[in-house]
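Structural characterization, general
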Amino acid sequence: MPRSRVTVIGAGNVGATTAQRIAEAGLADVILVDIVEGLPQGKGLDLAEAAPVVDHDARITGTNDYADTAGSDIIVVTSGLARQPGMSRDDLLTKNAGIVRSVVEQAAKHSPDAILIVVTNPLDAMCHVALEASGFPRERVLGMAGVLDSARFRTFIAEELGVSVADTHAFVLGGHGDTMVPLSRYSTVAGVPITELLPADRVRALEERTANGGAEVVALLKTGSAFYAPSAGVFEMVEAILLDRKRVLPCAVLLKGEFGTSDLFVGVPVVLGAGGMERVFEIELTSDEQAAFDRSAGVVKDLVEVLGR
Ligand SMILES: NC(=O)c1ccc[n+]([C@@H]2O[C@H](COP(=O)([O-])OP(=O)(O)OC[C@H]3O[C@@H](n4cnc5c(N)ncnc54)[C@H](O)[C@@H]3O)[C@@H](O)[C@H]2O)c1
């Protein structure tokens, strides 16, 4: 049986690290694509030359030609620009929408049965662009953000309580941004909600640190943004799909009435397997949680409306 094929578009920090994680786990052959000539080929060759030492047989191909991506099982979209000084949020939105639209159109044409995982920011709005550009059903268009946000929350919980990250579980809902909704009563250590283990002010502090997790890394790096944890988030989703694990992971998906929201991509827990998003894992929210979720969904709606103008 041939190995699965994963195309990663954008050979920058997130894309190249994602390619490395997938290949080095032997999970799939990886096709790394970028608009810059030589960049995906160079990084692809470098990654391939690590294979004898790391000991895996996955093939890594770098290319600027979408024909080389044909027949991919999964397409990961990380191509985009970072916000430059003087560039407004809306400028970035429009520029990245153009990039995501063009790469998804080309990649979807060569891999019509693939599952798309969008990473480019602003995440939820870029998922709308990818859905439209691909013409794929909602089950096959997913955004990666919740896995990263909940990994950050788990890291902070483990650090605060002096326990292994393995025994933590975290639940984060909503759009990817500072209005995300970390759900502490469903965030646990060995099954015990953190609201029973920590005073309310500490819980709030961990929630706030999670919501600002991306900005905290950017402030330290000065140039560029996080990529080790984001690529680990993509890897977890790719693995859940290729191994049909039915993992329950928070992903951005197009809601159709779930959580009281329709026709918007927002982060919610879903069952991820060979079919992509196999079902939304709906839970009851308190009125405060629902209000926070609605606020977060409202921010996504505003961005999508800017795109439509
Ligand atoms: N969803 C999340 O949780 C999350 C986390 C981290 C980063 N991100 C986002 O992921 C994106 C990538 O981040 P990064 O750190 O890897 O950036 P990066 O600048 O290192 O890489 C982006 C790559 O995209 C390429 N690119 C640009 N236009 C292209 C096109 N038309 N076709 C093909 N390739 C093209 C660039 O040449 C570059 O190599 C950004 O939008 C970032 O905000 C999202």
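For the structure given in this document, a descriptive report is provided here. (Residues numbered from 1 in each chain as written. Predicted model: local features only at pLDDT ≥ 70, side-chain atom pairs only at ≥ 80, totals over all residues. Heavy atoms only, no water.)

**Let's talk about the environment of Thr 17**
- Checked against the element boundaries, Thr 17 lands in helix 1 (residues 13–24).
- Beyond its immediate sequence surroundings of up to four residues, Thr 17 is in contact with Gly 12, Phe 227, Tyr 228 and Ser 231. (Helix = DSSP H or I, 4+ residues; strand = E, 2+ residues; numbered from the N terminus. Contact = heavy atoms within 4.5 Å.)

**Overview of the site of the ligand**
- Taken together, 24 residues lie around the ligand, and Asn 13, Val 14, Asp 34, Val 119 and Met 144 are the ones closest in.
- Note that an oxygen atom of the ligand is positioned 3.4 Å from one of the backbone N or O atoms of Gly 80.
- With respect to the ligand, the side chain of His 176 contributes an N or O atom lying 3.1 Å from an oxygen atom.
- Those elements that provide at least two residues to the shell around the ligand are helix 1 and helix 3 (89–110). (Near = heavy atom within 4 Å. Polar contact = N/O pair within 3.5 Å; in protein donor to acceptor, adjacent residues only side chain to side chain.)

**Thoughts on unusual backbone geometry**
- Asn 121 connects to Pro 122 through a cis peptide bond whose omega is -5°.
- When you line up the elements, Pro 122 lands in the loop between strand 5 (115–118) and helix 4 (123–134).
- You will see that Lys 222, though not glycine, has its phi angle at about 70°, which is positive.
- Within the element layout of this structure, Lys 222 appears in the loop between helix 7 (213–221) and helix 8 (228–242).
- Phi angles above zero are rare outside glycine, and Asp 263 is one such case at about 60°.
- Mapped onto the elements of the fold, Asp 263 is located in strand 13 (residues 262–273).
- Relative accessible area serves as the criterion here: at 55%, Asp 263 is assigned to the exposed category. (Buried < 20%, exposed > 50% of the residue type's maximum accessible area, 1.4 Å probe, protein only.)

**Comments concerning the packing of aromatic side chains**
- Enumeration according to the criterion identifies three aromatic pairs in this entry.
- Of note, Arg 140 hangs over the ring of Phe 136, and the distance from its end group to the ring centre comes to 4.4 Å. (Phe/Tyr/Trp six-rings, centres within 6.5 Å; stacked < 30°, edge-to-face > 60°. Lys NZ or Arg CZ within 6 Å of the ring centre and 35° of its normal.)

**Let's talk about helix 5 (residues 146–161)**
- When the terminal C-alpha atoms of helix 5 are compared, their 22 Å separation across 16 residues agrees well with the 22 Å that a helix rising 1.5 Å per residue should span.
- When helix 5 is considered as a whole, its buried residues turn out to be Gly 146, Val 147, Leu 148, Asp 149, Ser 150, Arg 152, Phe 153, Phe 156, Ile 157 and Ala 158.
- Directly after helix 5, the chain includes Gly 162, whose backbone phi takes a positive value near 65°. (Expected span 1.5 Å × (residues − 1).)

**Focus: empty space enclosed by the protein**
- Per the counting criterion, the structure on display carries one cavity of 30 Å³ or more.
- Computed from the structure, the largest cavity encloses a volume of approximately 60 Å³.
- What lines the largest cavity is a set of 15 residues, and nearest its centre among them are Ala 145, Gly 146, Asp 149, Gly 174 and Gly 267.
- For the lining of the largest cavity, the secondary structure elements donating two or more residues are helix 4, helix 5, strand 8 (172–173) and strand 12 (247–256).
- For the lining of the largest cavity, the element with the most residues is strand 12, which contributes three residues. (1 Å grid on protein atoms, 1.4 Å probe; cavity = no way out; pocket = protein on both sides within 12 Å on 5 of 7 lines; lining within 4 Å. Points joined across faces, edges and corners; volume = space filled by probe spheres on them.)

**Quick notes on the packing of helix 1 against helix 2 (residues 39–54)**
- Contact geometry of helix 1 with helix 2 gives a least axis separation of 11 Å together with a crossing angle of 30°. Judged by the inter-axis angle, helix 1 sits roughly parallel to helix 2. Handedness of the helix 1/helix 2 crossing: right-handed. Within the contact between the two elements, helix 1 uses Ala 16, Ala 19, Gln 20 and Glu 24 and helix 2 uses Lys 43, Leu 47, Ala 50 and Val 54.
- Looking at the contact of helix 1 with helix 2, its residues break down into five nonpolar, one polar and two charged. (Axes fitted to C-alpha atoms, helices over the stretch in contact; angles between N-to-C directions. Parallel < 35°, antiparallel > 145°, perpendicular 65-115°, else oblique. Left-handed = near helix turned anticlockwise from the far one by under 90°. Nonpolar A, V, L, I, M, F, W, Y, C, P; charged D, E, K, R; others polar.)

**Overview of the pairing of strand 5**
- Of the two faces of strand 5, the one lined by Ile 115 and Ile 117 and the one lined by Leu 116 and Val 118 are each fully buried.
- In the sheet, strand 4 (residues 74–77) pairs with strand 5 via four bridges, with the strands oriented parallel. The residue of strand 5 that forms the bridge with Ile 75 is Leu 116.
- Judged from the three bridges that link them, strand 5 and strand 6 (residues 141–143) form a sheet pairing that is parallel. (Pairing = 2+ DSSP bridges.)

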